[in-house]
Amino acid sequence: MDMQRPPLALTMGEPAGIGGEIATKAWSALRQEGPAFFFLGDPALLPGVPHRRIASPAEAATVFPEALPVLSLNLPAPVTPGRPDARNAGPVIAAIERAVALVQAGEAGAVVTNPIQKSVLTAAGFRHPGHTEFLAELAPGEGPPVMLLAAAGLRTVPVTIHQSLRSVIARLDADLICRIARATAAGLRRDFGITAPRLALAGLNPHAGEDGTMGSEDRDIIAPAIATLRAEGIDARGPFPADTLFTPHARAGYDVALGMYHDQALIPVKTLDMAGGVNVTLNLAVVRTSPDHGTALDIAGQGCADPGSLIAALRLAAQLAAHRRNQAA
């Protein structure tokens, strides 16, 4: 374990979900090898392992091998597994805000977020669609925030995220594709250390439109965007039929695949590595990763949650933070 690197800040997420359980399991798995992290939340969410309140992140690395360090944020309402309570929304939001502030101050190395229950936060007055938009407001980067999903042997980015398929077709244009692709390439260079990223763009329609016979968007929107990107020196290719873009042979030819809509980019990652997939937000002023799953209210409190995705998110956050530090040196 590198005692010189700032520890990672792990937020508690939805208290009635599996965030506390997977945090304790991740600590048990990483306590000897690291990376060191501390939990921002209520200590009552951490059953079954030793934990210790700390006054600042500086204490976390020393405490970590023996106990899970906790920067305490107490919840005002009792927690019932599987039953979120809007009265606890304030500390959930405060944990995210404090994690970002600690990274910006150099006291923490990166933000790792446990899943939140967006409907509960919205009912309590939270005005953001999710983590990504909130973090972009707290720590804006030089370009638009980009959701990247990383799994074993695959990275994907959805050009459009949480919107209906009908609205995707209305919104999709060459300018949007170029903005997301530029931001993706910049993020891969900055955070992943890939000096010349190779971008593969999926077609929107079956067979990538087959020259307009199955839809004109691939020919009239996506192909011109790729031409623009290539003229700017970005290695962008496609549009490729999405049904063959994620085979092992195809994956060897690119560093990231851009899907035109949410499921096109997320289904292959979750199919290949549901337990180890990681959600990364590129182009923030801080490094942020998250498990690639939700709050799992249906199994909360049962002790059966798989911590694999959180462990992968913690490890990847440490790697990305190290890339940023090396670039700044």
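The model shown is predicted, which means the values in this text are computed figures rather than measured ones. (Residues numbered from 1 in each chain as written. Predicted model: local features only at pLDDT ≥ 70, side-chain atom pairs only at ≥ 80, totals over all residues. Heavy atoms only, no water.)

A. Spatial organisation of the overall build of the protein chain. Helix and strand counts for the protein chain stand at eleven helices and twelve strands. Over its C-alpha atoms the protein chain spans a radius of gyration of 20 Å, differing by no more than 12% from the 20 Å that the globule rule assigns to 329 residues. In terms of overall dimensions, the protein chain has C-alpha extents of about 60 × 45 × 35 Å along its principal axes. In the protein chain, which comprises 329 residues, the share counted as buried stands at 53%. Sequence-distant contacts, at least 24 apart, represent 73% of the contacts inside the protein chain between residues at least 6 apart. Of the roughly 13,700 Å² of accessible surface on the protein chain, 52% is carried by carbon and sulfur atoms. (Helix = DSSP H or I, 4+ residues; strand = E, 2+ residues; numbered from the N terminus. Rg over C-alpha atoms; globule rule 2.2 N^0.38 Å. Buried < 20%, exposed > 50% of the residue type's maximum accessible area, 1.4 Å probe, protein only. Contact = heavy atoms within 4.5 Å. Areas by Shrake-Rupley, 256 points an atom, 1.4 Å probe, with all protein chains shown as cover.)

B. Inspection of the environment of A61 at higher detail. Positionally, A61 belongs in helix α2 (residues 60-63). Assessed through its relative accessible area of 11%, A61 is described here as buried. Separated by 101 residues in the primary sequence, A61 and H162 have C-alpha atoms spaced 37 Å apart.

C. Here's a closer look at the pairing of strand β4 (residues 68-72). The buried count for β4 comes to four of five residues, which makes it a mostly enclosed element. As judged from the three bridges shared by strand β2 (residues 37-41) and β4, these two strands associate in the parallel manner. From the neighbouring strand, F39 faces β4, where its bridge partner is V70. As paired strands, strand β3 (residues 51-53) and β4 are joined by three bridges and run parallel to one another. From the neighbouring strand, H51 faces β4, where its bridge partner is L68. (Pairing = 2+ DSSP bridges.)

D. Main features of the nonpolar core. Among the nonpolar cores identified, the biggest contains 94 residues, and F37, F38, L40, L148, I177, L201 and L258 are the most heavily contacted of them. Look past the residues within four positions of L201 in its chain and what remains in contact with it is I177, I222, I226, A236, R237, G238, P239, F240, L258 and M260. Counting residues in each nonpolar core, the second largest holds 13 residues, with L154, A200, A202 and A257 among its members. (Core = buried A, V, L, I, M, F, W, Y, C linked by side-chain atoms within 4.5 Å.)

E. Here's a closer look at the pattern of salt bridges. Tallying each qualifying case throughout the model produces twelve salt bridges. The salt bridge partner of D235 is R230, with a shortest N-O separation of 3.6 Å. For D235, a relative accessible area of 24% gives the class partly exposed. Between K270 and D292 there is a salt bridge, and its shortest N-O distance comes to 4.0 Å. Taken together, the positions of K270 in helix α10 (residues 262-273) and D292 in the loop between β12 (288-291) and α11 (308-328) put the pair 22 residues apart, joining distant regions of the chain. Given the relative accessible area of 5%, D292 is considered buried. Here the salt bridges do not stand alone but share partners, grouping R230, D235 and R237 into one network. (Salt bridge = Lys/Arg side-chain N within 4 Å of Asp/Glu carboxyl O.)

F. A look at the packing of helix α3 (residues 89-104) against helix α5 (residues 131-138). Look at α3 against α5: their axes get within 11 Å of each other, and the N-to-C directions meet at 45°. With respect to α5, the element α3 is oriented oblique. Here α3 and α5 pass one another in a crossing that is right-handed. Between α3 and α5, the residues in contact are I93, I96, E97, V100 and Q104 and H131, F134, L135 and L138, respectively. The residue inventory of the contact of α3 with α5, partitioned by class, reads six nonpolar, two polar and one charged. (Axes fitted to C-alpha atoms, helices over the stretch in contact; angles between N-to-C directions. Parallel < 35°, antiparallel > 145°, perpendicular 65-115°, else oblique. Left-handed = near helix turned anticlockwise from the far one by under 90°. Nonpolar A, V, L, I, M, F, W, Y, C, P; charged D, E, K, R; others polar.)

G. The arrangement of the packing of aromatic side chains in detail. In the structure shown here, the tally under the stated rule is two aromatic pairs. Seen in terms of ring centroids, F126 and F134 are 5.1 Å apart; in terms of plane orientation they differ by 85°. Their pairing is edge-to-face. A relative accessible area of 9% means that F126 is categorised as buried. (Phe/Tyr/Trp six-rings, centres within 6.5 Å; stacked < 30°, edge-to-face > 60°.)

Bear in mind that shape data such as this cannot, by itself, settle questions of function.
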